[in-house]
Amino acid sequence: MLCDEIIIRPSVASDEQAIASVLVEAFGRSSEAQLALSLINAPDKTISLVALCETRIVGHVLLTAITGPAKFVALAPLAVSPDFREMQIGSALVREAIARARKAGFDALFVLGDNFYYERFGFSSPLADPFEVGWQGQNFMALELREGCLEGLSGRLDYPQAFFSA
């Protein structure tokens, strides 16, 4: 599939079914869709973005505030419909999510994912090492949204309950 133009915009309530469809298509199961939909409905703590090809939603990314020693946000889930992969839609969603997280005043962004993919945006596993989560390891990464903001910080990161029940 080809698109003349990909538009990224904040999601609206009427996008929820299309977001769920993209997530199920991308992951082959419904747990990520359930997670995203439960978190999207807490708009004061989330940034939900969709990517459109023409009028069709073909990608989604969600940022959710997490509790920690500074103003932190988690990136999860990120999904692109299989027919639209290889078009840099996921990269465009991640770049826009980073920009919006900075604009919203978050200090750092955390993600659990593929190192090869996320490191190109500046995410680093060693930056996340001082923080305690249930999924500690090399695929847990952080990105400073304000240079040096993680220096000397450590502690527990608390994700919303939806991350554990999806």
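The preceding data block contains the structure.
Cut-off values and rules
Residues numbered from 1 in each chain as written. Predicted model: local features only at pLDDT ≥ 70, side-chain atom pairs only at ≥ 80, totals over all residues. Heavy atoms only, no water. 1 Å grid on protein atoms, 1.4 Å probe; cavity = no way out; pocket = protein on both sides within 12 Å on 5 of 7 lines; lining within 4 Å. Points joined across faces, edges and corners; volume = space filled by probe spheres on them. Helix = DSSP H or I, 4+ residues; strand = E, 2+ residues; numbered from the N terminus. Nonpolar A, V, L, I, M, F, W, Y, C, P; charged D, E, K, R; others polar. Axes fitted to C-alpha atoms, helices over the stretch in contact; angles between N-to-C directions. Parallel < 35°, antiparallel > 145°, perpendicular 65-115°, else oblique. Left-handed = near helix turned anticlockwise from the far one by under 90°. Contact = heavy atoms within 4.5 Å. Buried < 20%, exposed > 50% of the residue type's maximum accessible area, 1.4 Å probe, protein only. Pairing = 2+ DSSP bridges.

*Asks:* It is not clear to me how the layout of surface pockets should be interpreted in this structure. Could you clarify?
*Replies:* Rolled over the atoms, a probe sized like a water molecule indicates the empty space that remains. Estimates place the volume of the largest pocket at around 830 Å³. If you list the elements that add at least two residues to the lining of the largest pocket, you get helix H1 (16-27), helix H2 (31-40), strand E4 (72-80), helix H3 (89-103), strand E5 (108-112) and helix H4 (115-118). Sort the elements by how many residues they give to the lining of the largest pocket and E4 lands first, with seven residues. Residue classes in the lining of the largest pocket are distributed as 22 nonpolar, five polar and six charged.

*Asks:* Help me out: how do you make sense of the packing of H1 against H2 in this one?
*Replies:* Where H1 meets H2, the closest approach of the two axes is 8 Å, and the angle between their N-to-C directions is 150°. As judged from the angle between their axes, H1 and H2 are roughly antiparallel. When the axes of H1 and H2 are compared, the crossing they make is right-handed. Where H1 abuts H2, its residues Glu 16, Ile 19, Ala 20, Leu 23, Val 24 and Phe 27 lie against Glu 32, Ala 33, Ala 36, Leu 37 and Ile 40. Across the contact of H1 with H2, the residue classes tally to nine nonpolar, no polar and two charged.

*Asks:* Even after reading the chapter, I still don't get the pairing of strand E3 (residues 56-66), so can you show me in this structure?
*Replies:* The two faces of the sheet receive side chains in turn, since in a regular strand these alternate between them. Burial of E3 is extensive: nine of the eleven residues sit out of reach of the surface. Where strand E2 (residues 46-53) lies against E3, eight bridges are found, and the strand directions are antiparallel. Considered in E3, the bridge of Ala 51 is made with Gly 59. Connecting E2 to the next strand, E3, in antiparallel fashion are two residues, including Glu 54 with a positive phi near 60°. Sheet topology places E3 next to E4; seven bridges connect them, and they run antiparallel. Pairing of Val 61 across the sheet is with Leu 78, part of E4. Hairpin geometry of E3 and E4 is characterised by an intervening segment of five residues between the two adjacent antiparallel strands.

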